[in-house]
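# Examination of the molecular architecture
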Amino acid sequence: METKDFSFIILEALVSETGAFQLLRGYESTTAPSAFRRSEKNGDLVISLIGSNSEVLDSLMPEIKYPKGCTTAATRPGTALVNAAIPLHKQASIIRMEHKGNIIFESKINDVKPALPNVQLSTKDEVAIVSVGNDTNQEKFWIGALLKDGRMLRPAAAFKNGAFYVALNQLAGLVEARIVLEKTQDFRTSQFTSEPIKLPASEITGLIVEPLNGSKWPFGCRGSLIATIFDNNGKRMEWKKDQIIWRINGEKTKINKQLTPWFADKAGQHTIQLVLMDNEKEVKILDEVEIKVLPPSVEQLEYFKLLKQVRPEIEVPLYEAAKTQK
Amino acid sequence: MKNDNNFVIQGTVAYSNGKPGDSLYVEVWDKDLLIPDFLGRTITDNQGKFKIMFGESAYNKWLFDCLPDVFFKVYRGTSIVLDSRQTTYWNLRPGIHKIELIINQSHDVLCPSQWHGPIINEKLVEGFKSKLSSILFDLNGEDYSTEVDLLRIPFSGVPNLMDLTGEVLSGNPISERIFRETIHSLGYGAVPLKVAAAIWHSHQDNECTCAKKPKGQLLAIKKESKKQSWLGNTQIFDLNHMEAVMAATVAVAQNTEELIQLTGNLMLGLKGVDELNTLFSLTINGANPIDIESAFKTAVRTSAFYGFPPFDGFPPFDGFTPNDSWPLPGNEFIPWPPSFGWPFPEPGSSPGFDPNLPEFGIHELDPSLSTHFENCFIFNVIPGLHRLGIGFTGLIYGADNYVIESVEPDHACPREVITIEGTNFDGTTTVNFIDRTGGSISVAPSSVSATRITVVLPENAATGPVWLYIPVNVGLCLETYVVAKPGVRGNIIVGRPSITTFEVIGGECYDRDPSRNIVLRWNVQPPGAEIEITLDVNGTTHTLCSGCPNIGTLTQRANVVGVYTFHISVNNPFAEACGSASDTVVLEVKEVSPNFEIMGVELTQAIQVFDATNFEEPTNNSIDMIANMDTVLRVYFTVTSGHTFNFTGFLELNGTVYFPINTRGYVPAVVTPLRQETDHTLNFMIPAADANGLNQNARIHMYSTGDHCFRLVKTWDQPISWLERPALPLTIRRIRESHGLVVSPSAALVTVRSAFRKMPSPMTAISLHPGVHQIREGTTEDNFCTDGGYYQLALSIAYEHNDNEGYPPAGHSSSWLGLYSRIGCPVNGMMAWPSTSTCISENRPAVVAHEIMHTVGLGHTVTGIEECENVAQPVACHRLPGRSDGLLDQIPFDIDNNTTVTGASDLQSYRDYNNKWLSPELWVLGRDLMDTRY
């Protein structure tokens, strides 16, 4: 069999157990993950390429799974995601999909690739603007970002006045990328690849996981301060000891780790901050929580008094503190 | 027959500003070998003129060369204002001699009350030793630190020597005793012969031969020259302080022998000081290291009495028997009593010593610092103080000491006016009493005359001596000091009784035990006080003793439970107006301590395998602890007696103490603890930040709150190993539905954090994407909860997060959790492995945990509602053995709510909407899946 430039037709679609179908995307690509080309016997779904004489040139039975929802209600029909890749034959003029013997989708395949418009690329702030001129049928286009390592990501993009506005801040920290614009028409695809553009630097973000904001901390309870560090896309970053510090009521904690033990020895409101530092200077407060350390209970006072009697050598600073914080 | 009054001295005394020195006492002295001879005394007229006559009998002590070497001392009252020894008139011939004496008016007076601390500068000594070691090392390349340590620093180890000195010279009788004991305790135990002989000589009424009169002029010159040399250097010792210590020594000695012995202690110490000062001076002035080494060896030999070769140390003095033939090359000292080779003379007897002794028998001290002070002692300190009447009565001459003849009333109360009568009270500035601690209290008198003083008895005065402080100046070698004039003290009994001790021995801990006694003890002053002690037990009062001794003990059986109140009342019959004193001791006798045993400890981070009916079951605690997760220890115990008590305790781990997390801090007594009951166990939580490390030992201490004596503190050592496991990476992405609702970040975190309580993962890889995913209206996203559009939504999120891990994932580096707040969505959440994203429309921790565990690779726990997933998950589905309804047979522990969980269903089942926890099997499977994927 002869193929057209050794390319594939890639299909992304949803299909339900009852045969409901929605094509998410169908395009031409010179590469395809091997998993997409898997063929199963007795599959529910069959994808076929049909020639001009209605002959079946090739067919594929992609692997599909119908997951079950987590619900206490009645079981719903499962919906499977379809990801398939079928070699594009030169003679192919129609692509067809059958579900349990029923045709659920059929479309023609163009003989030639669509013509690309005059693509112009510019950047402003953290947005790349890909102008497609008068070719305003945005549904034909697909925007990607090709990284140096070969990964193709799909940044968010909005179409407005004949141009795609691509949010580069989602690619922060990836150094550089080429913006890829693909135009697909009847399963044939042309591609524009830009020169590399510089991507924004990632920004350190922090989250105090424990304690929770507004929580109440029992007096005298030893617990943990836990935080995580990640960039503005949620990608985790390494905790650097000198770069991130904990502050409680404005004072740096003696231990400075991602998990830091803390001992509440004073009742009242406490402000816990996660602070980004640079050479011992504060850069910004990454996260901040307010907690309330409860005053010692009568039982706690009795407990500390008892402990002091049982083991006087144990430091029970809480005992003295508790007596003054009733 | 000797001719009396054939010497006539006519002179004038004037101040340096030209004013005549009127009404001053002038004394004429003959400068003798050891102790100068007193020749005569008179008083100047208003023009400063005086006249003194004396004869040969006053000075003729020697066989040859009997002309006197005269010098003068001038006093204003008892204060010396001039000592002309340095301008001695040598070999004065009989006849009339006219002289002029000039008094320098600048004369500092030192106040003993300003003295504090040790005599030695300890820091200076340490620095000096360090530098010395360094110099010796540089010289020989050997470590001399041990030898340097042999340098015994005289007078070290008496941190309050100057305080005591000041108190002594202020007349405190209590401090006198302590000072005497202190100087005795210096223990140098040897006396320089010259000093011993001089002191002895000065107190014997002997005829001396004039055959060997020493060269006094030479002595004076030597002293002056040495003074010039050592006064110019930095000293380890404060010389003024040394002089004051000498004065105090003279003041406290009770007789001649003791003065000699105490003086010997000081002088031997001074010898060590001398060598140290030489060494110190060389060291700090950067002298030739060879000279320093030589001085060092000498100093070690002198100061380290226990020293032996290589430094030719002296033999030990302790245990040395007089007259032993000990080879003592170069020894200038002898043990006490000094062995002159003849019996030491008794007071009143003939000395019988060889008159040649000063020339041939006594090795003089080096003419240095010790020589100076030796002379100072002989010529200034001893006569100067004795002139004032300070010291033992055998030495005092011509003093007008005060005498307290009566104190009225002799039993008085604080704030009462008392009258003191006697003689020589002039100049009294304060009246002194002792307080209850032995310290002194000084009070300014209300009125003073020569024979009568009135004063108000101070508040804190105690029964004891009463003495006066009449300041007088005494000029010694270097300075003039203010000291207290001596006198005969009075006594007073202070009427208010004082209870110095009233206590139960052994504290307040008693339980009802007929075999045990409560021991009460007391100490009351004054001894004649009337004392009554009572005991009140639960409202019934008994008299334990009446007319009790002022110091005593008694015992009382603790055979009744209740509050015991011991009361002491004291009255002083001698001064009832002073009022009484009382004190109370209260203790509580409680029931006998309960008995109990610790049976076992369960370790849990949510779920654990544990059989509370069989603590020996080998599968107990078979689920490993994961590092960096909150960990709860449940302590199971059983009570065998004392069932009405509560129990508590604490836990120690790596030096940190943890308190129970049970709501009340204690738990009730139980005989058979039930695992499902939170408070049937004493629970401790080790927070995630502390939960790490292998083979850690958590020591649990447990006791009853009713164990008043804490005799039953049970301990249990629980080994714990926290294994390092990967934390599940999870990014929370909030979803705004097309109508605008969105979960707040804090609410999202609350839900996710609670979900993690049910999962085998630390919470250290949770991130919160700052953005919000906006559902696209009118698409399948908008209807995902009704149309099963989760996959598209999950894909959208994943794509938007740039992981490009839709389905199947290119690399599973993280799970994405889309949180959607729509109410009434019939599908709570949906996920299919191996996707990385899941969407949740129910803000419920159990649902979130369930879906996340799907992303990890766990299918459903099949209970009849769920389907076994027909996808290739590692754990496609699971069935609980023998539990088709999905109920767990183990008891989870809800750390957030600090409680055990009962009736829970497996998290991966569809049973029970909220009360779902991972079964032990799925906990282990899920944890292992995370190990392989993250």
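### Regarding the overall build of chain A
Counting its secondary structure elements, chain A contains two helices and 24 strands. Here chain A holds 326 residues, and the buried ones make up 50% of them. Nonlocal contacts in chain A, meaning residues at least 24 apart in sequence, comprise 60% of its contacts between residues at least 6 apart. Of the accessible surface of chain A, which amounts to about 16300 Å², a share of 46% is contributed by carbon and sulfur atoms.

### A word on the overall build of chain B
Assigned secondary structure in chain B consists of 16 helices and 50 strands. Burial analysis of chain B (934 residues in total) assigns 55% to the buried set.

### Some details on the sheet that holds strand β20 (residues 244-248) of chain A
All names here are of chain A. If you trace the five strands from one edge of the open sheet to the other, you get β18-β24-β23-β20-β21, paired in mixed fashion. The sheet is open, and its two edges are formed by β18 (216-217) and β21 (251-252), each paired on a single side. The pairing of β18 with strand β24 (residues 281-293) spans two bridges and is classified as parallel. Note on β24: the bridge partner recorded for K216 is K292.

### Observations concerning the side chain of Q608 of chain B
All names here are of chain B. Looking at the secondary structure, you find Q608 in the loop between β31 (595-604) and β32 (625-626). Judged by relative accessible area, Q608 falls into the buried class, the value being 0%. Among the polar contacts made by the side chain of Q608, one reaches the main-chain amide nitrogen of I623 at a distance of 3.0 Å. Q608 has contacts with E602, L603, N621, S622, I623, M625, R675 and Q890, leaving out every residue within four places of it along the chain.

### What about the pattern of salt bridges?
All names here are of chain B. Applying the stated criterion across every chain, the model contains 24 salt bridges over all chains. Salt-bridge contacts for K714 lead to E597; the nearest nitrogen and oxygen are separated by 3.2 Å. You can see K714 sitting in strand β39 (residues 714-723) and its partner E597 sitting in strand β31, a full 117 residues away along the chain. Given a relative accessible area of 16%, K714 falls into the buried group.

### Considering the pairing of strand β15 (residues 188-193) of chain A
Bridge count for strand β14 (residues 176-185) of chain A against β15 of chain A is six bridges, and the pairing is antiparallel. Paired with K183 of chain A across the bridge in β15 of chain A is S190 of chain A.

### Focus: the sheet that holds strand β37 (residues 681-686) of chain B
Residue and element names in this part refer to chain B. Within the open sheet, the three strands sit side by side as β31-β33-β37. Their pairing is antiparallel. Each edge of the open sheet is held by one strand with a lone partner, namely β31 and β37. Neighbour-to-neighbour, the strand axes of this sheet turn through a mean angle of 20°, independent of strand direction. The pairing of strand β33 (residues 631-641) with β37 spans six bridges and is classified as antiparallel. Each residue of the ladder has a partner; that of L633, found in β37, is F684.

### Some points on the state of the cysteines
All names here are of chain B. Scanning the model with the defined rule gives one disulfide over all chains in all. Between C545 and C548 runs a disulfide, and the two sulfur atoms are separated by 1.8 Å. Judged by the torsion about the S-S bond (110°), the C545/C548 disulfide is right-handed. Each member of the pair, C545 together with C548, is buried.

### Here we look at the packing of helix α15 (residues 845-856) of chain B against helix α16 (residues 920-933) of chain B
Residues and elements named next belong to chain B. α16 packs onto α15 with a crossing angle of 50° between their chain directions and a minimal axis gap of 9 Å. In terms of orientation, α15 and α16 fall into the oblique class. In this structure, α15 meets α16 at a crossing whose hand is left-handed. In contact with M853, T855 and V856 of α15, α16 contributes G926, L929, M930 and R933. Class assignment for the residues of the contact of α15 with α16 results in four nonpolar, two polar and one charged.

### Some points on the pairing of strand β29 (residues 562-571) of chain B
All names here are of chain B. Pairing geometry for strand β26 (residues 530-537) and β29, over eight bridges, is antiparallel. Counted as the bridge partner of V537 is Y564 from β29. When β29 meets strand β30 (residues 580-590), the two strands line up antiparallel, connected through 10 bridges. Residue pairing across strands places I568 opposite D583, the latter belonging to β30.

### A few points about the environment of A794 of chain B
All names here are of chain B. Along the polypeptide, A794 turns up in helix α14 (residues 790-800). Judged by its relative accessible area of 5%, A794 is buried. Those residues in contact with A794 that sit more than four places away from it in its chain are S837 and C839.

### Overview of the packing of aromatic side chains
Two numbers describe a pair of aromatic rings. These are the distance of the centres and the angle of the planes. This structure, assessed with the given rule, holds 21 aromatic pairs over all chains. Taking 5.4 Å as the distance between ring centres and 35° as the angle between the ring planes, the aromatic pair formed by F21 of chain A and F105 of chain A counts as tilted. With F21 of chain A in strand β2 (residues 21-29) and F105 of chain A in strand β7 (residues 102-108), this residue pair connects regions lying 84 residues apart in the sequence. For F105 of chain A, a relative accessible area of 16% translates into the label buried. Note on W217 of chain A and W262 of chain A: the rings are 4.9 Å apart at their centroids and 75° apart in plane angle, and the pair reads as edge-to-face. Of this pair, W217 of chain A sits in strand β18 while W262 of chain A sits in strand β22 (residues 259-263), and the two are 45 residues apart along the sequence. On the accessibility criterion, W217 of chain A (7% relative accessible area) is buried. Here W262 of chain A falls in the buried class, since its relative accessible area comes to 12%. Above the ring of Y27 of chain A, the side-chain terminus of R25 of chain A is found at 3.5 Å from the ring centroid. Lying over the aromatic face of W917 of chain B, K758 of chain B brings its terminal NZ or CZ to 3.7 Å of the ring centre.

### A word on the confidence of the model for chain B
Low-pLDDT stretches of the model should not have their predicted coordinates read in fine detail. Residue and element names in this part refer to chain B. Considering every residue of chain B, the mean pLDDT works out to 75; 69% of them sit at 70 or more. Ranking the elements of chain B by mean pLDDT puts helix α6 (residues 216-231) last with 28 and β32 first with 97. Note on residues 199-234: pLDDT is under 50 here. Beyond four places in sequence and across chains, it has 71 contacts. Our summary of model confidence lists the complex with pTM equal to 0.55 and ipTM equal to 0.78.

### Let's talk about the environment of L653 of chain B
Residue and element names in this part refer to chain B. Relative to the elements of secondary structure, L653 occurs in strand β34 (residues 646-653). Residues L653 and Q718, 65 residues apart in the sequence, show an inter-C-alpha distance of 9.9 Å. Ignoring sequence-local partners within four residues, the contact set of L653 consists of Y658, I686, Q696, N697, A698 and W722.

### Quick look at the confidence of the model for chain A
On average, chain A scores 85 in pLDDT, and the residues at 70 or more come to 89%. This model gives residues 69-74 of chain A a pLDDT under 50, and the stretch forms 17 contacts once residues within four places in sequence are excluded.

### A few points about the packing of helix α3 (residues 161-169) of chain B against helix α4 (residues 173-185) of chain B
Residue and element names in this part refer to chain B. Between α3 and α4, the shortest axis-to-axis distance is 9 Å and the interhelical angle comes to 135°. Regarding the angle of α3 to α4, the classification is oblique. In the crossing of α3 with α4, the sense of the turn from one axis to the other is left-handed. Here L161, L164, T165, E167 and V168 of α3 lie close against α4, whose contacting residues are S175, E176, I178, F179, T182 and I183. Among the residues forming the contact of α3 with α4, the class breakdown is six nonpolar, three polar and two charged.

### Comments concerning unusual backbone geometry
Cis geometry is adopted by the peptide bond preceding P211 of chain A, which originates at E210 of chain A and carries an omega value of 0°. One can find P211 of chain A in the loop between β17 (205-210) and β18. Along the chain, E408 of chain B connects to P409 of chain B via a cis peptide bond; the corresponding omega equals -10°. Here P409 of chain B is to be found in the loop between β11 (402-408) and β12 (411-412).

### Details of the side chain of S190 of chain A
Residues and elements named next belong to chain A. Take S190: it is sitting in strand β15. A polar contact of 2.5 Å, which involves the side chain of S190, links it to the backbone oxygen of P114. Setting aside its immediate chain neighbours within four residues, S190 contacts K113, P114, L116, L181, E182 and K183.

Quick notes on the rules
Residues numbered from 1 in each chain as written. Chains lettered and ligands numbered in written order. Predicted model: local features only at pLDDT ≥ 70, side-chain atom pairs only at ≥ 80, totals over all residues. Heavy atoms only, no water. Helix = DSSP H or I, 4+ residues; strand = E, 2+ residues; numbered from the N terminus. Buried < 20%, exposed > 50% of the residue type's maximum accessible area, 1.4 Å probe, protein only. Contact = heavy atoms within 4.5 Å. Areas by Shrake-Rupley, 256 points an atom, 1.4 Å probe, with all protein chains shown as cover. Pairing = 2+ DSSP bridges. Polar contact = N/O pair within 3.5 Å; in protein donor to acceptor, adjacent residues only side chain to side chain. Salt bridge = Lys/Arg side-chain N within 4 Å of Asp/Glu carboxyl O. Axes fitted to C-alpha atoms, helices over the stretch in contact; angles between N-to-C directions. Disulfide = S-S within 2.5 Å. Parallel < 35°, antiparallel > 145°, perpendicular 65-115°, else oblique. Left-handed = near helix turned anticlockwise from the far one by under 90°. Nonpolar A, V, L, I, M, F, W, Y, C, P; charged D, E, K, R; others polar. Phe/Tyr/Trp six-rings, centres within 6.5 Å; stacked < 30°, edge-to-face > 60°. Lys NZ or Arg CZ within 6 Å of the ring centre and 35° of its normal. pLDDT = per-residue confidence, 0-100.

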